[in-house]
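Descriptive analysis of the structure
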Amino acid sequence: MTEAPTYGFDTLQIHAGAKPDPATGARQTPIYQTTAYVFRDADHAAALFNLQEVGFIYSRLTNPTVAVLQERIATLEGGVGAVCCSSGHAAQIMALFPLMQPGCNVVASTRLYGGTVTQLSNTIKRFGWSATFVDTDDLDAVAAAIDENTRAIFCESIANPGGYVTDIRALADVADAAGIPLIVDNTSATPYLCRPIEQGATLVVHSTTKYLTGNGTVTGGCVVDSGNFDWSASDKFPSLSEPESAYHGLKFHETFGGLAFTFHGIAIGLRDLGMTMNPQGAHYTLMGIETLSLRMQRHVENAETVAAWLENDPRVDYVTYAGLPSSPYYDRAKSCYPKGAGGLFTFAVKGGYDACVKLVNSLEIFSHVANLGDTRSLIIHSASTTHRQLSPEQQEAAGAGANVVRLSIGIEDPKDLIADLDQALAKASS
Ligand SMILES: *Cc1c(COP(=O)(O)O)cnc(C)c1O
């Protein structure tokens, strides 16, 4: 890492990983729109292919623009390295891939993004992997769900669709006791509101599609490695501790130490799974990250204002926002997430499913989209969209019942957001 660790977050979000282009002096990070890189000579090429020297070979593996983004996110998260990929869901597979084998499982929180529940409960079975879902407030249940084939615990910091915040330190202790890594999806919190590695997480995954890019332009993902896990302490992680036949018997952990997971992610993960982020996408995300702290402060302020207003409205049944004193997670949010509980929450509309549909159809500033973490305010009726594939029990567990809508509060004028909700609630309850 080139940056001195003493720089503050606001400085690092602009500078970490970047320096003026050595060839042209370009101050902004160029978009290196190239597939391949010329080798100095045949020996140089051989050293790169043997992982004896670090450099650029081919953009499925590494690209200079993407590399700046990787270093920036790793720095903001306090990790030793990061691998960017094509989407948040790709990042989740990239995080699990080095850990899992057929017959292995992951213990996952019940409070997850709907797409993640589907990925973990359904799609990963095709790889011979499985997931056990547990309420992460019940630490004994989490510990009891771990068996000899469990290779990770997976949770979200501030959980999507909102209202729930995870006690990462408590879960990390359970993971440590079992000798397995804790993976935290930090998409909704961003490293501005939460740095899971400081609270004991081994790996952090992101959908950079959301707040990191910040304006709904590109999909992307990232896996950040803390560098703290001893992959050789047991025989559970042979991909990282045992000889890799596709690299002449190289052992990633022995060779790369704390960077083993990151090197594996590039040399095996991106090379063979190919879920690569492109340099244009990385450029948009780099532009977004420059203003991350400013946006997150405003997202949080606006969310607090709008949530408090909704809570006092007679047309609303309840609001689930961990930033409200009425929330059962308020104290946890204050201690684990002191800069705020995020910009995402749900509320229940009196009148159930039909009122939710009317509300969504009547809003003018809020857009009805399956996205979050945009500068503009968004709404979604989770039960009929993102959480549609889940059973009613799974919907309830994820906080996405039929009478519930999720808001992703943008950085507009909060007075306008409240006025818009006011007029739409009037139509929804008429
Ligand atoms: C959106 C999202 C994902 C999936 O990310 P994509 O970039 O859409 O693949 C995963 N986790 C959370 C919390 C998300 O919000």
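Note that the coordinates shown come from a computational prediction; the quantities given were computed from them, not determined experimentally.

Rules behind the numbers
- Residues numbered from 1 in each chain as written.
- Predicted model: local features only at pLDDT ≥ 70, side-chain atom pairs only at ≥ 80, totals over all residues.
- Heavy atoms only, no water.
- Near = heavy atom within 4 Å.
- Polar contact = N/O pair within 3.5 Å; in protein donor to acceptor, adjacent residues only side chain to side chain.
- Areas by Shrake-Rupley, 256 points an atom, 1.4 Å probe, with all protein chains shown as cover.
- 1 Å grid on protein atoms, 1.4 Å probe; cavity = no way out; pocket = protein on both sides within 12 Å on 5 of 7 lines; lining within 4 Å.
- Points joined across faces, edges and corners; volume = space filled by probe spheres on them.
- Helix = DSSP H or I, 4+ residues; strand = E, 2+ residues; numbered from the N terminus.
- Nonpolar A, V, L, I, M, F, W, Y, C, P; charged D, E, K, R; others polar.
- Domains from an automatic or database assignment.
- Pairing = 2+ DSSP bridges.
- Axes fitted to C-alpha atoms, helices over the stretch in contact; angles between N-to-C directions.
- Contact = heavy atoms within 4.5 Å.

Structural notes on the site of the ligand
Taken together, 15 residues sit near the ligand, with Gly-88, Asp-185, Ser-207, Thr-209 and Lys-210 positioned nearest. Between the ligand and Gly-88 there is a distance of 2.8 Å, counted from an oxygen atom to a backbone nitrogen or oxygen. Note that an oxygen atom of the ligand is positioned 2.9 Å from one of the backbone N or O atoms of His-89. Notes on the ligand: free accessible area 380 Å², of which the protein chains cover 92%.

Remarks on the layout of surface pockets
Taken as a whole, the largest pocket encloses approximately 1100 Å³ of empty space. Along the wall of the largest pocket there are 37 residues; nearest its centre are Val-54, Phe-56, Thr-62, Ala-67 and Gln-70. Those elements that place two or more of their residues in the lining of the largest pocket are helix H2 (42-49), helix H3 (64-77), strand S1 (81-85) and helix H11 (260-273). Looking at the lining of the largest pocket, the element that brings in the most residues is H3, giving six residues. Its residues placed into classes, the lining of the largest pocket shows 24 nonpolar, eight polar and five charged. In this structure, the second largest pocket occupies an estimated 290 Å³ of space. Taken together, 24 residues line the second largest pocket, and the ones lying closest to its centre are Gly-162, Gly-163, Thr-320, Thr-346 and Gly-399. Put simply, the parts of the chain that give the lining of the second largest pocket at least two residues each are strand S10 (316-320) and helix H16 (392-397). Taken together, the residues of the lining of the second largest pocket sort by class into twelve nonpolar, ten polar and two charged. Looking at which domains feed residues into the lining of the second largest pocket, each of domain 1 (9-288) and domain 2 (292-428) supplies at least three.

Quick look at empty space enclosed by the protein
Counted under the stated rule, the structure contains two cavities of 30 Å³ or more. What the largest cavity holds in volume is close to 60 Å³. As for the largest cavity, its lining consists of Gly-81, Ala-82, Val-83, Met-94, Val-223, Asp-225, Phe-261, Thr-262 and Gly-265. Within the residue set of the lining of the largest cavity, elements represented by two or more residues are S1, strand S9 (221-225) and H11. Its residues assigned to classes, the lining of the largest cavity shows five nonpolar, three polar and one charged. The space that makes up the second largest cavity amounts to roughly 40 Å³. Forming the walls of the second largest cavity are Ser-59, Arg-60, Leu-61, Thr-62, Asn-63, Val-66, Gln-70, Cys-84, Leu-270, Thr-276 and Met-277. Its residues assigned to classes, the lining of the second largest cavity shows five nonpolar, five polar and one charged.

Some remarks on the sheet that holds strand S4 (residues 150-156)
One open sheet holds the seven strands; their spatial order is S1-S9-S8-S7-S4-S2-S3, and the pairing between them is mixed. Lying at the two open borders of the sheet, with one neighbouring strand each, are S1 and strand S3 (130-134). Each adjacent strand pair in this sheet contributes to an overall mean axis angle of 20 degrees, direction not counted. As judged from the three bridges shared by strand S7 (residues 182-185) and strand S8 (residues 203-207), these two strands associate in the parallel manner. Residue pairing in the sheet places Asp-185 in a bridge with Val-205 of S8. Helix H4 (residues 88-96) contacts S1, strand S2 (105-109), S4, S7, S8 and S9 of the sheet and is inclined by roughly 160 degrees relative to S8. Contacts from H11 reach S1, S8 and S9, with the element oriented near 25 degrees to S1.

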